[in-house]
Amino acid sequence: MFYSPFDNAVSGLNKIKNEIADEKLFFGEDLVCKRCKTRLSDLLETGYVGCEDCYSLFEKDVLPMIYDFHKAVRHTGKRPEIIETKAAKQKQIEELLKRQAEASASEDYILAQSIKEKIEELRRK
Ligand SMILES: [Zn+2]
């Protein structure tokens, strides 16, 4: 089953299901990247795509719909940052690396360590 709080995305997904080409597959009600097995529900949950393939898969078929959904959500003031590209993730890591270096430079090793753990967590995703 496809569990998601994103009702618009779900109904939109159902609409496009029949239009999606053969090289892409659904896992139950979910859309799955063949290469890395990232599911659309994972993407919605974590905000991260797993590989280049799923980026193009989700970008072409799904993201435009979600961006529309985002606009709708923004109006309600909730504005979740659901979709982050690899580039955004990389930028986030670079930012953290900078902060880690600053923390080390000022001998705040506890902060440096916690930032390092955050970076490792991001890289695992
Ligand atoms: Zn993928």
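Everything quoted here is computed from the prediction, not taken from an experiment.

Caption draft 1: Summary view of the pattern of salt bridges. This structure, assessed with the given rule, holds two salt bridges. For the salt bridge of Asp-53 with Arg-35, the shortest nitrogen-to-oxygen distance reads 2.8 Å. Residue Asp-53 is found in helix H3 (residues 52-61), and its partner Arg-35 is found in the loop between strand E2 (30-32) and helix H2 (40-46); the two are separated by 18 residues along the sequence. Given a relative accessible area of 34%, Asp-53 falls into the partly exposed group. Ionic pairing is found between Lys-98 and Glu-95, a salt bridge with its closest N-O pair at 3.9 Å. One end of the pair is Lys-98 and the other is Glu-95, both in helix H5 (residues 86-105) and three residues apart, which spans about a single turn.

Caption draft 2: Spotlight on the side chain of Gln-100. Structurally, the position occupied by Gln-100 is in helix H5. Those residues in contact with Gln-100, other than ones at most four positions away along the chain, are Ala-112, Ile-115, Lys-116 and Ile-119.

Caption draft 3: Up close: the coordination of the zinc ion. Around the zinc ion, the protein contributes the donor atoms Cys-33 (SG), Cys-36 (SG), Cys-51 (SG) and Cys-54 (SG), which lie 2.3 to 2.6 Å from the metal centre. In this structure, the zinc ion is coordinated by four donor atoms arranged in tetrahedral fashion, with angles at the metal of 99 to 116 degrees. All donors of the zinc ion come from a single chain, and their spacing in sequence reads C-x2-C-x14-C-x2-C. For the pair shown, Cys-51 and Cys-54 are each scored as buried.

Caption draft 4: Quick peek at the nonpolar core. Counting residues in each nonpolar core, the largest one holds 10 residues, listed as Leu-31, Cys-33, Leu-40, Leu-43, Leu-44, Val-49, Cys-51, Cys-54, Leu-57 and Phe-58. Secondary-structure elements contributing two or more residues to this core are H2 and H3. Grouped together as the second largest cluster of nonpolar side chains are eight residues, Tyr-48, Ile-115, Ile-119 and Leu-122 included.

Rules used in this analysis
- Residues numbered from 1 in each chain as written.
- Predicted model: local features only at pLDDT ≥ 70, side-chain atom pairs only at ≥ 80, totals over all residues.
- Heavy atoms only, no water.
- Salt bridge = Lys/Arg side-chain N within 4 Å of Asp/Glu carboxyl O.
- Helix = DSSP H or I, 4+ residues; strand = E, 2+ residues; numbered from the N terminus.
- Buried < 20%, exposed > 50% of the residue type's maximum accessible area, 1.4 Å probe, protein only.
- Contact = heavy atoms within 4.5 Å.
- Donors = N, O, S within 2.8 Å, 3.2 Å for Na, K, Ca; no water.
- Tetrahedral: all angles 85-135°; square planar, octahedral: opposite > 155°, others 65-115°.
- Core = buried A, V, L, I, M, F, W, Y, C linked by side-chain atoms within 4.5 Å.

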